[in-house]
Amino acid sequence: MRENGSLGRVGFLIPTCLLLQVLLVLGNPTVSQNSSEEEKKSYRNYKVLRTQPVDNKDVLDKLMTFAGVEDISFWKYPVMNGSADIMASPDKVAFVEETFKDMGIEHMTVINDVEELFQGQNPDVDNEYNLKQNGGMSFTRYHRYNEIISYAKQQAARDGMVSYQSIGTSSEGREIGLVKISDGTGGNKPAIWMDGGIHAREWISPATVTYIMHKLITDNNYRDLVQNFDWYIVPIINVDGYEYTHTRDRLWRKTRRTNQGTHCVGTDPNRNWGFKWGGPGSSGDPCSEIYRGPKPFSEPETSAVANAVLARRNQIKMYLTFHSYSQLWLLPWSYTRQRPSDYSELQRLGLIGARALASTYGTRYRVGSAPEILYEAAGGSDDWAKGSAGIKYSYTLELRDTGTYGFALPASQITATGEETLRGVAATARALHKTLNTATG
Ligand code: 0X9
Ligand code: ZN
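Reading guide: rules and limits
Residues numbered from 1 in each chain as written. Chains lettered and ligands numbered in written order. Predicted model: local features only at pLDDT ≥ 70, side-chain atom pairs only at ≥ 80, totals over all residues. Heavy atoms only, no water. UniProt positions renumbered as here; feature names shortened; annotations may be inferred. Core = buried A, V, L, I, M, F, W, Y, C linked by side-chain atoms within 4.5 Å. Buried < 20%, exposed > 50% of the residue type's maximum accessible area, 1.4 Å probe, protein only. Helix = DSSP H or I, 4+ residues; strand = E, 2+ residues; numbered from the N terminus. Contact = heavy atoms within 4.5 Å. Donors = N, O, S within 2.8 Å, 3.2 Å for Na, K, Ca; no water. Disulfide = S-S within 2.5 Å. Arc of directions from axis to C-beta. Polar contact = N/O pair within 3.5 Å; in protein donor to acceptor, adjacent residues only side chain to side chain. Pairing = 2+ DSSP bridges.

If you look the protein up in an unreviewed UniProt entry, it shows as Peptidase M14 domain-containing protein from Orchesella dallaii. Taken directly from UniProt, the Cofactor (unreviewed entry) text for the protein runs: "Zn(2+)".

S.K.: Report on the nonpolar core, specifying residues and quantitative values.
M.R.: The biggest cluster of nonpolar side chains holds 83 residues, and the ones touching the most others in it are Ile181, Trp193, Met194, Leu216, Trp231 and Tyr395. Tallying contributions element by element places helix α7 (residues 204–218) first for this core, with eight residues. For Trp193, the contacting residues outside a window of four places in its chain are Leu178, Tyr232, Val234, Val305, Ala308, Val309, Ile316, Met318, Tyr319 and Leu320. Listed in part, the 28 residues of the second largest apolar core include Val59, Ala84, Ile290 and Ala377.

S.K.: How would you sum up the coordination of the zinc ion (ligand 2)? Please name residues and give values.
M.R.: In this structure, His199 (ND1), Glu202 (OE), Glu202 (OE) and His323 (ND1) serve as the protein donors to the zinc ion (ligand 2), at separations of 2.0 to 2.3 Å. Mapping the donors of the zinc ion (ligand 2) onto the primary sequence gives the spacing H-x2-E-x120-H. The buried category is assigned to His199, whose relative accessible area is 4%. The class of Glu202 is buried, set by a relative accessible area of 3%.

S.K.: So, the state of the cysteines: which residues are in play, and what are the values?
M.R.: By the definition in use, this model includes one disulfide. Disulfide pairing is shown between Cys264 and Cys287; the S-S distance is 2.1 Å. On the sign convention where negative is left-handed, the bridge of Cys264 and Cys287, at about 90° about the S-S bond, is right-handed. Remark: Cys287 occurs in the loop between α9 (239–247) and α10 (300–310) and Cys264 occurs in the loop between α9 and α10; sequence separation between them is 23 residues. You'll find Cys264 and Cys287 in the same group, each marked buried.

S.K.: How would you summarise helix α2 (residues 57–64) if you had to cite specific residues and measurements?
M.R.: For α2, the full list of buried residues reads Val59, Leu60, Leu63 and Met64. Along the long axis of α2, the arc covered by the buried residues comes to 145°, so they all point the same way. Structurally, α2 contributes buried residues whose contacts are with β3 (47–51), β4 (72–76), β5 (85–88) and α3 (93–103). Here α2 starts with a cap whose side-chain oxygen sits 2.7 Å from the backbone nitrogen of Asp58, and that cap is Asn56.

S.K.: Explain the pairing of β4 to me, using residue names and the numbers behind them.
M.R.: Counting buried residues along β4, five of its five residues qualify, which places the element largely inside the surrounding structure. Both β4 and β5 contribute to a ladder of four bridges, which runs antiparallel. Counterpart to Ile72 in the pairing with β5 is Ala88.

Written out as structure tokens, the structure is:
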């Protein structure tokens with residue numbers, strides 16, 4: 001992710017053409033039927049292998065060459081002094097292991113059968129009690145787009161503090177929903193923006209955002225947060241991609257808009273924002289997993305969210321966006337290794353959040369800028385929120401876990417992840433409230 005387009009050919013999860021897709025379905029017993037009678041890609045016997053931490057640039061570059069190989073993909077990209085998680089199909093595992101051996105790097109198998117974890121990730125049955133208690137959200141399974149939107153609308157209908165509006169439509173015609181929580185006292189309060197589901201396969205993100213929203217509405221322990229701030233919440237931005245991960249390919253990341261002149265579908269919605277668009281860590285290749293799109297805000301989903309943020313830019317004091325996985329509290333900037341001049345202030349609030357989060361169940365987060373603890377990547381929503389919308393406090397949270405399950409994080413971890421993240425967000429919000437009040441006297 002260090003150079004422009006360096007991951008130019010990561011789009012290998014996508015079958016190369018429709019014909020091939022048809023052949024694959026007909027001839028491949030691993031492609032199964034899902035409830036809507038469409039074929040869902042199977043990851044039976046795909047493995048995730050973890051390298052030892054790499055401290056050598058040549059080895060790092062060599063690892064990156066996997067990016068162009070079909071049926072090999074990165075769950076976690078190789079970074080200096082960090083390990084990489086690499087998924088390989090059954091017939092590519094030996095090749096990957098051989099390559100590791102040639103490079104002299106050790107590895108371990110973190111996931112032995114990706115499909116098995118996916119099968120166990122999301123139980124069909126709900127906890128009926130929870131469902132009733134929470135107005136349709138059980139938080140014991142990953143809910144579908146429709147369920148989350150209906151829940152949001154229902155909350156708006158029954159609670160005077162909550163309102164719902166559509167802020168735009170995805171390329172497949174789905175509504176992008178924005179929830180506002182505001183107790184109506186005190187006029188124009190400072191606001192906090194939260195969004196989830198930029199990347200389709202990171203299911204814990206919409207689940208966590210919805211959990212936090214639920215708690216802000218219903219739990220009196222967080223009353224002060226609603227008294228002191230208005231909250232704007234978009235549970236799922238990449239609505240088409242999210243549904244696609246439920247019906248066709250569990251590991252889809254991008255949007256679902258078709259690209260002109262290629263069979264490769266989708267844009268990375270976290271490379272598509274109009275601040276420093278096209279910079280390092282993004283690709284101009286539509287087949288890449290980090291394709292930035294043909295122009296800034298080419299995707300209706302990012303454009304809708306940006307417009308909704310801009311319309312409230314003077315009110316919004318903090319921007320929080322949720323991804324997974326790695327357990328990181330990321331600070332700006334991501335497009336450059338240079339730190340913003342107010343870095344230490346942003347770090348101060350980030351550390352308060354990470355500490356409160358860890359004090360809940362011991363889940364440890366690292367706090368720092370993406371180039372320092374992850375990789376450089378331009379065109380993300382966090383950089384845009386700070387650089388273009390002028391929101392000083394802008395953070396990306398990479399939620400649980402650190403790779404034991406990765407994208408297959410079981411639904412049984414939703415409430416714990418939600419709870420600890422809520423506590424982290426609450427602590428940061430309270431610190432922000434104090435800071436704003438001190439600053440304005
Ligand atoms: O690469 C990303 O977009 C994020 N990581 S993920 O594994 N969820 O894909 C990190 C985003 C950090 N912020 C920016 N790059 N702007
Ligand atoms: Zn992400």
